[in-house]
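Residues per chain are reported as follows:
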Amino acid sequence: MKILSVVGARPQFVKLAPIADALRAEGHEHVIVHTGQHYDVNMSDVFFQDLGIPAPDVHLAIGSASHGRQTGAMLAAMDEVLEQHSPDWVLVYGDTNSTVAGALSAVKMGIPLAHLEAGLRSFNRKMPEEHNRVLTDHAADLCLAPTDVAMDHLRREGLAASSVLVGDVMTDVLLKVRDLVQDQAPQLPEGVHADQPYHLATLHRAENTDDPARLGAIVAALAEVEHPVVLLAHPRLRQRAGEQGITLEQGSIRVADPLPYPALIRAAMSAAGVITDSGGLQKEAFLLRVPCTTVRTETEWTETVDLGWNALAGDPARLTEVVARPAPSATSEQPYGDGHAAGRAVAAIAAAGRH
Ligand code: UD1
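Residues numbered from 1 in each chain as written. Predicted model: local features only at pLDDT ≥ 70, side-chain atom pairs only at ≥ 80, totals over all residues. Heavy atoms only, no water.

In the annotation of an unreviewed UniProt entry, the chain is listed under the name UDP-N-acetylglucosamine 2-epimerase (Non-hydrolyzing) and assigned to Pedococcus aerophilus. Quoted straight from UniProt, the Sequence similarities (unreviewed entry) entry for the chain says "Belongs to the UDP-N-acetylglucosamine 2-epimerase family." (UniProt positions renumbered as here; feature names shortened; annotations may be inferred.)

Listed below in structure tokens is the structure:
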């Protein structure tokens, strides 16, 4: 069977790694299309290198633009790619503009579409990711859900017949990488020491970065956190802070570049807490049993909150106080699967049949 993966943004490269391994192990042909949504070396290339992902077969080099332009350029470029490779299935990975473009191009060419990480919902229609994931789930022939909660959402939207619970492929990667890096020293900015408490922070969602008053209030709150806050600055954050005249390096904040995946996991493992608006990092913190504070009013990964390891701090005025809350109690729950989700995803696609 020939499967064509469409990826473009950092978290999708992480999810692609175990899928590429599982496809290879089962002897399927795999074509990787990189849209170019993320193009900085430390947002893209290092993930392919560190996670042993084969180089993309096709690179669309679309780059940054407004949502419609970026999505439209990807869609326009995909027809030729799908004509040339004629895959049995197109596989898309989550909620980005690259995903919705890959999904639309597949259905318009009549090629079966599978959506990995299907069924996630924030129920916040102001998020571009929410439109992308709802549209993609409803376009897909096969929805590969990471959790029971995601399966419930799909059922409620009438998609039960096309949905399969496979688990979370990010768990597959995390468990492997955690074991590889645990004896290494974390890579921290000058003045931050692994044997003293520090927090690891990331911020990139449009709702947090694009409103100057909100971004200013979040940065001010991070500056007040008791221990050093290592802020791994996504390009969108640096760009918006620069445009808005907001200094990121203030108070407790130590700014650093985004880290490659193994170094990120190592830095998170030794942190006293994680502060983030990333979906992936909320789960990674939970799997490493590091308390997480999420700078949003809602989360798709509700299990992390229900089990006490994640707290929402949508209001920046409460952020410092939420970060300082008491440690949660231990849990052995595994809502994100057992580390074998990619194998199940590939089996589900194979079972769903050929083009
Ligand atoms: C995108 C996804 C988001 C995902 C995130 C992971 C959408 C709508 N959003 O958000 O769901 O959680 O990726 O990071 O698809 N930039 C660079 N270099 C890069 C990439 C981006 O400088 O390699 C800058 C560009 O100026 C761009 C900005 O960062 O305008 C934001 O990038 P964009 O692709 O719009 O979305 P993200 O914020 O990364």
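After that view of the structure, there is still more to cover.
Trainee: Got a minute to help me understand the domain arrangement of the chain in this structure?
Mentor: Interfaces are often described in size by the accessible area the parts lose on coming together. Taken domain by domain, the chain holds domain 1 (2-168 + 337-353) and domain 2 (179-323). The C-alpha centroid of domain 2 is placed 26 Å from the C-alpha centroid of domain 1. Taken together, the contact pairs 22 residues of domain 1 with 18 residues of domain 2. For the salt bridge of Arg133 with Glu300, the shortest nitrogen-to-oxygen distance reads 3.2 Å. Residue assignment for the side of domain 1 that touches domain 2 shows that the elements contributing at least two residues are α1 (10-25), α2 (45-50) and α5 (128-139). With three residues, the single largest contributor to the side of domain 1 that touches domain 2 is α2. (Domains from an automatic or database assignment. Contact = heavy atoms within 4.5 Å. Salt bridge = Lys/Arg side-chain N within 4 Å of Asp/Glu carboxyl O. Helix = DSSP H or I, 4+ residues; strand = E, 2+ residues; numbered from the N terminus.)

Trainee: Quick question: what am I supposed to make of α5 here?
Mentor: Residues that lie three or four places apart on an α-helix share one face, since the helix turns once every 3.6 residues. Between its first and last C-alpha, α5 extends 17 Å over twelve residues, near the 16 Å set by a 1.5 Å rise per residue. Inspection of α5 places Glu129, Glu130, Asn132, Arg133, Val134, Thr136 and Asp137 among the buried residues, and these make up the whole buried set. Each element contacted by the buried residues of α5 is listed here: β4 (89-93), α4 (97-108), β5 (113-116), β6 (142-145) and α6 (148-156). (Expected span 1.5 Å × (residues − 1). Buried < 20%, exposed > 50% of the residue type's maximum accessible area, 1.4 Å probe, protein only.)

Trainee: When you look at the site of the ligand in this model, what are you seeing that I'm missing?
Mentor: In the vicinity of the ligand lie 20 residues, with Gln37, His38, Tyr39, Asp40 and Arg236 positioned nearest. Within the backbone of Asp40, an N or O atom sits 2.8 Å from an oxygen atom of the ligand. Contacts to the ligand include Gln239, whose side-chain N or O atom sits 3.1 Å from an oxygen atom. Starting from 740 Å² of accessible surface for the ligand in isolation, the protein chains cover 91%. Broken down by secondary-structure element, the contributors of at least two residues to the shell around the ligand are α3 (67-85) and α10 (235-243). (Near = heavy atom within 4 Å. Polar contact = N/O pair within 3.5 Å; in protein donor to acceptor, adjacent residues only side chain to side chain. Areas by Shrake-Rupley, 256 points an atom, 1.4 Å probe, with all protein chains shown as cover.)

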